[in-house]
Amino acid sequence: MGLDFSNPIGLAAGFDRCGMLLDGAARSGLGSVELGSLVAESPDFDRARSALRVFRSVRPRGNPLVVGVSLMPRPHSPWRQAPIEIASCLRGLRGLADYVTLNPGRAGSTPADCLERFGAIVEHAVRSAGPGPSLPQLVVKLPAAWSAGVEPVPIAAAFARLGARGLLIAAERSGAHDHAASLRRLRLAFGPSLCLISVGGIDTPGTAALRLAAGATLIQIHCAARGSRRIEWIDETLVRLARAKFGRPRKIGSRTGILHCQETEGRS
Ligand SMILES: Cc1cc2nc3c(=O)[nH]c(=O)nc-3n(C[C@H](O)[C@H](O)[C@H](O)COP(=O)(O)O)c2cc1C
């Protein structure tokens, strides 16, 4: 995505919907946070934008925390209206969010629906961009139901052709094996050019390491970030990943730099 992550562990959408925890997340050693999911013209969207403005006044983009925002269509928006609304949110997040994830949202939406909508969003957003900071990079969320037993490469290629720079691939706990196989196939097909974000069921340093070894560029956690042991979890995982990468962990005191994650490396 052309972004520089201080490490591959991120906080998944739904945890810090409106950006109230950004400072804490940066301090806890996370490499990224995904706000949302949010819908256009909602009080939560405005809250997240305000929180991001405050955060950016102290910390410039991507330094040291990469911030994404997950957007989804409003539940009752007419089909043709949704891309216009999301494109307008994208413009509203210029200079604030590093990337935006498009969450297909509605139960029952298919990859074909989402592709059509994604194409329309890109068209509206680019056409109406005007001068100013560049638009956030685009990531598409592939719900677990879309990847179960399905060859992921054609879907990924179709989104990449339309301008997606990354895919957020969700896994069900019971489907972790298929999920790892999908990551491997995607990494093989796309090399380092596509950012692959794995989410779902990552609750031990071992599962984190396995997802990265399978080809994920980044991993996201939700349940593992809850409770009083969350900072220890992040530390322990970073140390384990650093050991796998460098042979032995570097100084643990400053977490940033233990495992600097260049997306182009593809895996850790
Ligand atoms: C309370 C809660 C709210 C969530 N809200 C969202 C959301 O708004 N958007 C989204 O894409 N995922 C949402 N998720 C899914 C999480 O981002 C994550 O994919 C899921 O919890 C699996 O990760 P885990 O096994 O680490 O918990 C939510 C999950 C939980 C538990």
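Residues numbered from 1 in each chain as written. Predicted model: local features only at pLDDT ≥ 70, side-chain atom pairs only at ≥ 80, totals over all residues. Heavy atoms only, no water.

Visitor: Please set out the sheet that holds strand β3 (residues 32-38) residue by residue, giving values where relevant.
Guide: The 8 strands lie next to each other as β2-β3-β4-β5-β6-β7-β8-β9, forming a closed barrel whose pairing is parallel. Ignoring which end each strand starts from, the neighbouring axes of this sheet average 25° apart. Here 2 bridges tie strand β2 (residues 9-11) to β3, and the two strands are oriented parallel to one another. Across the sheet, Gly10 pairs through a bridge with Ser32, a residue of β3. Together, β4 (66-71), β5 (99-102) and β6 (137-142) form the strand contacts of helix α3 (residues 81-92), whose direction differs from that of β4 by roughly 160°. (Pairing = 2+ DSSP bridges. Helix = DSSP H or I, 4+ residues; strand = E, 2+ residues; numbered from the N terminus. Axes fitted to C-alpha atoms, helices over the stretch in contact; angles between N-to-C directions. Contact = heavy atoms within 4.5 Å.)

Visitor: Let's hear about the environment of His124: which residues, and what values?
Guide: Summarising the element assignment, His124 is placed in helix α4 (residues 111-127). Taking the C-alpha atoms as reference points, His124 and Ile84, separated by 40 residues in sequence, lie 6.4 Å from one another. Excluding its chain neighbours within four sequence positions, the residues that come into contact with His124 are Pro83, Ile84, Ala87 and Arg91.

Visitor: Provide a residue-level description of the site of the ligand, including the pertinent values.
Guide: Taken together, 15 residues form the shell around the ligand, and within it Ala13, Ser37, Lys141, Gly201 and Cys223 come nearest. At a separation of 3.1 Å, an oxygen atom of the ligand approaches a polar side-chain atom of Arg17. For the ligand, an oxygen atom lies 2.8 Å from a polar atom in the side chain of Lys141. A total of 610 Å² of accessible area belongs to the ligand in isolation, and the protein chains cover 70% of it. (Near = heavy atom within 4 Å. Polar contact = N/O pair within 3.5 Å; in protein donor to acceptor, adjacent residues only side chain to side chain. Areas by Shrake-Rupley, 256 points an atom, 1.4 Å probe, with all protein chains shown as cover.)

Visitor: How would you summarise the side chain of Ser198 if you had to cite specific residues and measurements?
Guide: Examined against the element boundaries, Ser198 turns out to sit in strand β8 (residues 195-199). The contacts of Ser198, once residues within four sequence positions are left out, are Ile169, His179, Leu183, Arg211, Ala216, Leu218, Ile219 and Gln220.

Visitor: Describe the pattern of salt bridges, naming the residues involved and giving the relevant values.
Guide: The final tally for this structure, using the stated rule, is 5 salt bridges. Measuring nitrogen to oxygen at the nearest pair gives 2.5 Å for the salt bridge that ties Arg47 to Asp44. Note that Arg47 and Asp44 are positioned in helix α2 (residues 43-58) at a spacing of 3 residues, about one turn of the helix. Given the relative accessible area of 24%, Asp44 is considered partly exposed. (Salt bridge = Lys/Arg side-chain N within 4 Å of Asp/Glu carboxyl O. Buried < 20%, exposed > 50% of the residue type's maximum accessible area, 1.4 Å probe, protein only.)

Visitor: Give a detailed account of the pairing of strand β7 (residues 166-170), specifying residues and quantitative values.
Guide: Each regular strand displays side chains that alternate between the two surfaces of the sheet. The buried count for β7 comes to 5 of 5 residues, which makes it a mostly enclosed element. Side chains Gly166, Leu168 and Ala170 of β7 all project onto a buried face; the interleaved residues Leu167 and Ile169 project onto the opposite face, where all are buried too. When β6 meets β7, the two strands line up parallel, connected through 4 bridges. Note that in β7 the partner of Lys141 across the bridge is Leu168. In the sheet, β7 pairs with β8 via 5 bridges, with the strands oriented parallel.

Visitor: So what's going on with α4? Residues and values would help.
Guide: Its 17 residues give α4 an end-to-end C-alpha distance of 24 Å, which sits within 8% of 24 Å, the value for a rise of 1.5 Å per residue. Residues of α4 that are buried include every one of Cys114, Arg117, Phe118, Gly119, Ile121, Val122 and Ala125, and no others. On its buried face, α4 is in contact with α3, β5, β6, α5 (144-147) and α6 (152-162). (Expected span 1.5 Å × (residues − 1).)

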